[in-house]
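Overview (structure and organization)
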Amino acid sequence: MSSLEPRAVVVTRQPDFDRLLAAHATKGQAEFFLRQRGQTMKTVAARKERQAVAVAAAKRAVPDDWRTAEVLREDLDRFLFSDGDIVIAVGQDGLVANLAKYLSGQPVIGITPDPEETEGILTPLTADRLPALLPKVAAGETDLQRRTMVAAELDDGQSLTALNELFIGHCSHQSARYVIQFGAQKEFQSSSGVIVSTGTGLTGWARSIMAATHRQADFAPDDARAVYFAREPWPSRTSGCELAFGELAPDRDVILISRMNEGGVIFADGIEPDFLPFNWGSLVKVGLTKKTLNLVLGN
């Protein structure tokens, strides 16, 4: 920590209520849209209110002599975090995953506005814990779970990190074509793309892949391990499926070389608009990164 008092950075996302109004212009049109889908504006408004209550409680919990900042998820790419920040993420688990790549070791306190609406994996705490917890975090008196992250590094110097998983494939439903190299083995594949998952990601997208393929991986979010899955690799005269699954370690990466003329992409944690192009000839190395998400456990 610096000699300055800590800065508490409250991170949240724009409520669905506000996004619906922006998309449909009036409350009545938004309500009609929801009603056609078996939902109500009342439910969405209640979620907005719970979020507002939790955000207000988080800001009240910050000691008077600390600095405070607030940022929406949509603005994270324009926000500058400092080394001494303590980050308070108020929302569902996905908010923390979206936030992780913008941090460089700052402690993160995950706060849920409604324990009934979240898995509570990355946002396990409620705002009433903050008054007692924040001074302990600032003093380094709480345990941190250092969750492993993965990085994709292109041969042109561009890179992208992820807390849950990276996707390498085609931006549409077309087959992704690439050469995959794992250890001393190399294979041309045509598939629905490759997922590289951390221990955190094993509870998300990777979980459904494991259920469908009966390939299993089981390790803790803070283990220095990751796993890749080639989704539905097509066995043919020219393409194979032998390298459909593998475990990564600090000294073991997976390399892919694109064989897609256009539409090849790499994106992280489900954020498709924030992608790296991965077209013919591009080489990407995917492996563990030294960066971790430092999640406050709350003890």
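Residues numbered from 1 in each chain as written. Predicted model: local features only at pLDDT ≥ 70, side-chain atom pairs only at ≥ 80, totals over all residues. Heavy atoms only, no water.

**As for the overall build of the chain**
The line we're drawing: By definition, any uninterrupted DSSP run of H or I lasting at least four residues is a helix, any uninterrupted run of E lasting at least two residues is a strand, and each is numbered from the N terminus. Restricting the calculation to C-alpha atoms gives the radius of gyration, and the globule rule supplies 2.2 Å times the number of residues raised to the power 0.38. Only protein chains enter the area calculation, which uses a 1.4 Å probe; residues under 20% of their type maximum are buried, those over 50% are exposed, and those in between are partly exposed. A contact between two residues is defined here by any heavy atoms of the two lying within 4.5 Å. Only the protein chains shown count as cover for residues, and the accessible areas themselves come from Shrake-Rupley with a 1.4 Å probe. In this charge count, Lys and Arg are treated as positive and Asp and Glu as negative; neither His nor the chain ends contribute. Charge placement uses NZ in Lys and CZ in Arg. For Asp and Glu, CG and CD serve respectively.
Along the backbone of the chain there are six helices and 16 strands. Computed over C-alpha atoms, the radius of gyration of the chain comes to 21 Å, within 12% of the 19 Å expected from 2.2 N^0.38 for 299 residues, which places it in the range of a compact globule. Expressed as lengths along the three principal axes of its C-alpha atoms, the size of the chain is roughly 65 × 50 × 35 Å. By residue count, 46% of the 299 residues in the chain fall in the buried class. Long-range contacts, defined as pairs at least 24 residues apart, comprise 68% of the intrachain contacts of the chain with a sequence gap of at least 6. In the structure as shown, the chain presents an accessible area of about 14,900 Å², 49% of it carried by carbon and sulfur atoms. Considering the chain, the positive charge centre built from 32 side chains and the negative charge centre built from 38 side chains are found 4 Å apart.

**Overview of the packing of helix α1 (residues 16-24) against helix α2 (residues 27-35)**
Angle between the axes and distance between the axes: these two values describe a pair of packed helices. Quick reminder of the rule: Here the axes come from fitting lines to C-alpha atoms, over the contacting stretch only for helices, and the angles between their N-to-C directions go from 0 to 180 degrees. Should an angle lie under 35 degrees it is considered roughly parallel, over 145 roughly antiparallel, and from 65 to 115 roughly perpendicular; all remaining angles are considered oblique. When residue character is reported, Ala, Val, Leu, Ile, Met, Phe, Trp, Tyr, Cys and Pro are called nonpolar, Asp, Glu, Lys and Arg charged, and the others, Gly included, polar.
The N-to-C vectors of α1 and α2 enclose an angle of 105°; their axes lie 8 Å apart at closest approach. Overall, the two elements α1 and α2 adopt an arrangement that is roughly perpendicular. Where α1 abuts α2, its residues Leu 20, Leu 21 and His 24 lie against Lys 27, Gln 29, Ala 30, Phe 33 and Leu 34. Classifying every residue of the contact of α1 with α2 by side-chain character gives five nonpolar, two polar and one charged.

**Some points on the side chain of Asn 98**
Mapped onto the elements of the fold, Asn 98 is located in helix α4 (residues 93-100). Judged by relative accessible area, Asn 98 falls into the buried class, the value being 9%. Once residues within four sequence positions are removed from consideration, Asn 98 is found in contact with Arg 73, Leu 76, Asp 269 and Ile 271.

**Things to note about the pattern of salt bridges**
Short version of the rule: The term salt bridge refers to a pairing of a side-chain nitrogen on Lys or Arg with a carboxyl oxygen on Asp or Glu at a separation within 4 Å.
Summed over the entire model, instances satisfying the criterion amount to 13 salt bridges. When the shortest N-O distance is used, the salt bridge between Lys 48 and Asp 18 registers 2.8 Å. In this pair, Lys 48 sits in helix α3 (residues 41-61) while Asp 18 sits in helix α1, placing the two residues 30 residues apart along the sequence. Assessed through its relative accessible area of 30%, Lys 48 is described here as partly exposed. A salt bridge links Asp 77 to Arg 78, with the nearest nitrogen and oxygen atoms 3.7 Å apart. Taken as a pair, Asp 77 and Arg 78 share a single burial class, namely exposed.

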